[in-house]
Structure formats: C-alpha cells, structure tokens
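# Coordinate inspection notes
So you can see what is in the structure, the chains are spelled out below.
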Amino acid sequence: MNGTEVLCYTRRPESEEVYAAKLAYSMHLALRNADGTYEILNHNSGVLFAEATQDTDSGLLTAKSLKNPYLFAMKDGYGVVAIRTEAYGEPDESSRGKILLFTTEDLLQYRELPLLELPEDESVLRVAAGYDPVDDKYEVRWCNASYCCYKVVVDSLTDIHCDTARIQIEDVPAHTIACDIPGCEPCNILTVPDAVGRRLRNKLKTPVNDGVEVPNRITASCREDVEKVMAKSYYSDGSTVMKRVDWNLDRVDFATPGEITVRGKIHQEHFPFPIAINRADPCIGQWNGKYYFIATNDADWNHTLYIREADSIPELQYAQEHLILDCETYPHIKGLLWAPEFHVIDGKMYIFHAATTGEFVHEQSHVMMLKEGGDPKRKEDWTEPRRVVRKDGSELCTNGITLDMTVWEDNGNHYAAWSQRQFEPIDLGAWLYIAKIDPREPWRLISDPVVLSMPTYGWANNHTFVDEGPYALITEKKIFLTFSSALVDSTYVVGLLSADHNTDLTDPKNWVKKNYPILTSRSMPGEYGTGHNAYVQDEDGLIYNTYHARPGINAPRSSGIRRVHFDAEGEPVLDMTEDLDLNERLANVTMKVVIKPKGEKAE
C-alpha cells in the first residue's frame, strides 16, 4: 500500500529532571522508513497531551495524562482514542468506563472532545478504534480491568453512551511493534498519504539549509551595488530566507569597465551559549540607532537591573553593564526585580518589569519611562517605577501576584499580556491574562483582564502549574505569542499561541494554542530549561530570539541568542542551530559583476 507509516507511541518516564511522567505519558509520533527503522519527530517529545480538569467552583486545575493512545483514520481527518490517567500514570477514577477522544485534520493540531462514556462499568486498560468506509460505520474495541473485551459499532463516535449495545470479543491485542526509539512504548502504526507524512516531517523536524542562490550576473558602478546583493537560503521544508553576503571586493576597481568574478561568504552571526551567565529572562531593545540588553540578575538574587549598550546585537555580548535600578532607591521597590523588557510606545521608551514591596507574595508589574532626551545607560534618566493598574485606577491584582508583562500593537490597539497567580482563597497557579492598554499611559489598562491561557497540559504543569513569560512575535501573516511553562528548572519549556491580525485579541476564541511546546530541553543539546523568550530584529531584517537556559541540568540560568527561522507555513522555529541554519559547504558563493562606472549607462 502506498503511503507513509506513522508510529504512535508513548515513552517510559525517566528522572523528574530529564523526562518526567507528565511528559512521557503523551502521544509521540515517528515515521517508519522502508528498511524498518524509524525517523523520530519533535525530538522524541510528545505532540498530544491530555488536558487538566478544572473544578467549576474553585477554578483549581487537576493534571491528567494519557496512556495507550491509538491513532486511526476517520471519515474526515483522523482520531485518537486513549486512556486518561492521573498526572503520573495512576488510574483515574473519574475516567472509569470512559475514554479520551481527540480529532485532528493533520496530526499536528488536536481537539479534545468530552470523554466517551462506554457501556462499561470498569476501568479501561486498552482501546482501539477504526472507520469502515464500506459500511460507513465506526468501531471501538476495548479491554477492561477484568480482561473482558468488547466492541461497539456506531454511525458516529459521539453516538456512544452508557446504554449502547456492546458485543463481547476475544481480545484487543496488545501492541508488539519492535522499534529502537529511546524509551519507546509502541502503540500502533497508521498509514497516511505521503503528503501528510511529508508535512509531519517538515513541521516536526528542524529545517536544514540545503541550498543557496545568488544572481549569476549583475551590473554595478560602486561597492554598494554589490554589497546590497543578498543570498537566498533554501531549507529542507521548502522555506527560504534572504541573507547578507560578505563580498570580497578588495581588488575590484569600480572605475574601470569590464567583467569580474567576485567571491563572498554568506554572513552568519555567532552566539556561543551562554552569552551571559546568571542572567535570565533576557530582552534586547532598539533605541536611537543602538541596541540594549537587559535581564533578570540571578547573581545577586534579583536585587538589581543592569543594561548593556552596543551598535549591533553581537557586540552586546561583550558590552559594559550599567546599573539602572536597585532595591534601595525607591521605598516601594524592595527586591525580586524580574523579567525586564524594553518597549517603545508612541515614540517613548519604557521598561516593563516586576518588583515587590517586600516578599514574593507582593510581586507586581511595574513600568518606568526614559525621560525626554535621556540616556538609557543612566539610572537617573529613568522615571520612578509605576505600578500597573486597572482601568479604574485600582490595583491589578489584590489576591496574588502579577509579572512578566509584555505589550504590543496591532491594528491601532495596544495590548498587554502578563502572568498572574491567585493565592487567595486558593493557589490556582500562574495563568496568562490579556487586556488593552492606553498607549499614553501604558501602566493603565483600558479593558478588563481576560484569561488567555492556563497550564492545562502536562508540559505546562510539570512540577508546578505555570504559564508565564509571554512575548509577541508579529509577522505579516500572524500574531504569535510565545510563553513559558512549568517550573523554572531543567523542565522549563516554551509554548505557542497564535491569532490572526485585525481580530479582537482580548477574545480567547481568536487564539489557537499548540498542544505541545515548541522549545524544550530536548530541542538543543546541552541546553536545559529553555524559556522566557523575547525577540529583536537586526539591521538585515533577521529576527533573533533572546532566551535563558541552563548549560547543565543544575547549572545557573544563563542567556542565549539564536536566529528565529520561519518555516514554509510562516510559523516560528526556535530550535535551529547555527550548523542547521547555514551549511558550511554552501556558504561560499561567486557572482559575475559587470563594472559600469558612474556616468555610464547601465544595462
């Protein structure tokens, strides 16, 4: 049969620091090659997680996981049935006699439906499903805790309920697929069209530079004519990016007509990790032709903020640090100076950051502004930090903390997103909120806060329930909002929300949340707990991601910089290493240049 074979599997948990049960008990995917080997997707990380349940009275989330997923083709698209468990794989009594059901069009974005109530009184151990196009019927088979097996045949999966007639069958065979994927617990294999398989490969593997192109021949009258010629880099998923070329023009005489072959090398900035030890939540801003770097200072337990200034992003790695905020200057700023961000709003430069009047439970979002004509490196040129308030001037949060506030503009509206954690009357964990702000007073909301995201997936509530660190990455196609989740240890990860332009961004229905994180400790060798992203554009128009990670499982949080790639569908790729970004064998290029001195008519 023609098509691509897709393996559906879970993994055996490892240590809590490496691959905890909340991560392992999710659905993973791999592609089966013709020789029987498997091509791992998404760095051997899960792509489908069960959602946490939420108590309707308290709002408290209860983490859930899944086991024994079974992938199958539906009449339209695909489905997954699975066993819902407690967070660490224990039986879930609330799922007794029920199974998880997900639908998906592309095996990338999934929708979790309400639990299917089987005609079953016991817990379900294994489940399988399928669609018969001849009879236009669905069949669900399962085995319960007493090892009795049954099936139901229905017109629609949503027709299944506790009174559906069931038929006893001999068995639902356990999966006996042999594979060499580390930690793999095989579930089943489904053959999909090759086009679906190719898209899975393109979306769930990091693109690789596999081609470059420069013009064969140009006409030039000066160095600038050649230097502006860029290379087009091609990648394995069909995406492209334009890059500057460092052309060797030392022996080119632009005053003498003729034709010459010039050589060059595609330009690539180098950022060894880490660029700053004990610096977390980094952000780079631009102001008056300069670049500025700021980050949470873990070296002194978050009691100071320093900035660096440079003419280019690479120079920030070695620039001098200047103190701009401490815990002694203002009576309401006593510590925990967290997650500073530069933002330019209506021509004025601001720093959004969190601070406390004393203890952690009083941490709140603040804003300070650069004074007219001020020097960002001078502490005295920044206004006193001002606490963010609601539209009526009241405190943003009175029963918890707020932090990691970020802002952006779309279609004439200015938005703020932040992380907020309610402690009273019960600790709900950190959730993401969004509201509109007044650009003339960006510390003031002009709409009521709305919950944008909760840490419902296992990767977001691993060790603690946290969604934080939002930051907007805006392209012509979409508004992307990356955020960080889980405990700020080696298991910290980056999630992704996206929305269309010209929509009401304060309506959560206009956002799409990926079921899996796009950056984890498995994405980049030697980098653990990657997260808290911010983005900046360089003079060539390339986007760079500033983030923190740990150079070892228990190493300090440290800052890194890496180019953001955009795949063939325009989604951000945050795990492209420098060797994948530019194939060194393709870096050297040549081009013929016809010299037409100034004053002569060009071709």
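It should be noted that the structure appears before, not after, this text.
We now turn to the structure provided with this report. Just so we're clear, the structure is a prediction, and the values are computed from it rather than from any experiment.

## Side note on the layout of surface pockets
Approximately 1000 Å³ is the volume attributed to the largest pocket. Taken together, 38 residues make up the lining of the largest pocket; nearest its centre are Leu473, Ile474, Thr475, Gln537 and Ile543. Among the secondary structure elements, those contributing two or more residues to the lining of the largest pocket are strand S19 (240-243), strand S23 (279-287), strand S27 (335-345), strand S31 (400-410), strand S36 (467-474), strand S40 (528-537) and strand S43 (565-566).

## What about the environment of His43?
Looking at the element boundaries, His43 is found in the loop between strand S3 (38-40) and strand S4 (53-54). Distance from His43 to Lys205, taken between C-alpha atoms, is 7.5 Å for residues 162 residues apart in sequence.

## Description of the nonpolar core
The biggest cluster of nonpolar side chains holds 48 residues, and the ones touching the most others in it are Leu29, Leu107, Tyr110, Leu200, Trp408 and Trp511. Apart from residues lying up to four places away in sequence, Tyr110 is in contact with Met27, Leu29, Val47, Leu48, Val80, Phe102, Thr103 and Thr104. Of all hydrophobic cores here, the second largest spans 32 residues; its members include Ile294, Ala355, Leu496 and Met524.

## Things to note about the packing of aromatic side chains
Applying the stated criterion across every chain, the model contains 13 aromatic pairs. For the ring pair Tyr292 and Phe342, a centre distance of 6.3 Å and an interplane angle of 55 degrees mean the geometry is tilted. A residue pair is termed long-range when its members are at least 10 positions apart, and Tyr292 in strand S24 (residues 290-297) and Phe342 in strand S27 qualify at 50 residues. Take Tyr292 and Phe342: they sit in the same class, and that class is buried. Through a chain of ring-to-ring contacts, the aromatic side chains of Trp338, Phe360 and Phe423 assemble into a single cluster. Positioned over the ring face of Tyr19 is Arg11, at 4.0 Å from the centre of the ring. The ring of Tyr25 has Lys67 lying over it, and the distance from NZ or CZ to the ring centre is 4.7 Å.

## Quick word on empty space enclosed by the protein
Summary: where empty space remains is shown by rolling a probe the size of a single water molecule over the atoms. Summed over the entire model, instances satisfying the criterion amount to three cavities of 30 Å³ or more. Each pocket or cavity is described by its volume, and for the largest cavity that value is around 240 Å³. If you trace the largest cavity, you find 19 residues lining it, with Lys203, Ile518, Pro572, Val573 and Asp575 closest to the centre. Mapped onto the lining of the largest cavity, the elements with two or more residues apiece are helix H2 (194-204) and strand S44 (572-573). Sorting elements by how many residues they give to the lining of the largest cavity places H2 first, with three residues.

## A word on the pairing of strand S1 (residues 4-11)
Within S1, seven of the eight residues are buried, which leaves the element mostly enclosed by the surrounding structure. Taken together, the eight bridges between S1 and strand S15 (residues 184-192) define a ladder with antiparallel strand orientation. Looking at the pairing, Glu5 lines up with Thr191 of S15. One ladder, built from five bridges, connects S1 with strand S2 (residues 28-32); its direction is antiparallel. Looking at the pairing, Tyr9 lines up with His28 of S2.

## With respect to the sheet that holds strand S12 (residues 137-144)
The four strands lie next to each other as S11-S12-S13-S14, forming an open sheet whose pairing is antiparallel. Both edges of this open sheet fall to strand S11 (124-132) and strand S14 (167-169), since each of them pairs with a single strand only. Here the average twist between neighbouring strands, direction ignored, is 25 degrees. Where S11 lies against S12, eight bridges are found, and the strand directions are antiparallel.

## Structural notes on the sheet that holds strand S22 (residues 276-277)
Strand order in the open sheet made by the four strands is S22-S42-S41-S40, with antiparallel pairing throughout. Since the sheet does not close on itself, it has two edges, and those belong to S22 and S40, each with one partner. Of the strand pairs in this sheet, S40 and strand S41 (residues 543-550) are connected by six bridges, and their pairing is antiparallel. Residue pairing for S41: Gln537 is matched across the bridge by Ile543.

## Side note on the pattern of salt bridges
One pass over the full model with this rule turns up 45 salt bridges. As a salt-bridge pair, Asp448 and Lys391 come within 3.6 Å of each other at their nearest N and O atoms. Of this pair, Asp448 sits in the loop between strand S34 (441-445) and strand S35 (450-453) while Lys391 sits in the loop between strand S30 (386-387) and S31, and the two are 57 residues apart along the sequence. The exposure class assigned to Asp448 is partly exposed, which follows from its relative accessible area of 46%. Each of the salt bridges in this network shares a partner with another, and the network as a whole consists of Asp106, Arg199, Lys203, Lys514, Asp567, Glu569 and Glu571.

Rules of the game
- Residues numbered from 1 in each chain as written.
- Predicted model: local features only at pLDDT ≥ 70, side-chain atom pairs only at ≥ 80, totals over all residues.
- Heavy atoms only, no water.
- 1 Å grid on protein atoms, 1.4 Å probe; cavity = no way out; pocket = protein on both sides within 12 Å on 5 of 7 lines; lining within 4 Å.
- Points joined across faces, edges and corners; volume = space filled by probe spheres on them.
- Helix = DSSP H or I, 4+ residues; strand = E, 2+ residues; numbered from the N terminus.
- Core = buried A, V, L, I, M, F, W, Y, C linked by side-chain atoms within 4.5 Å.
- Buried < 20%, exposed > 50% of the residue type's maximum accessible area, 1.4 Å probe, protein only.
- Contact = heavy atoms within 4.5 Å.
- Phe/Tyr/Trp six-rings, centres within 6.5 Å; stacked < 30°, edge-to-face > 60°.
- Lys NZ or Arg CZ within 6 Å of the ring centre and 35° of its normal.
- Pairing = 2+ DSSP bridges.
- Axes fitted to C-alpha atoms, helices over the stretch in contact; angles between N-to-C directions.
- Salt bridge = Lys/Arg side-chain N within 4 Å of Asp/Glu carboxyl O.

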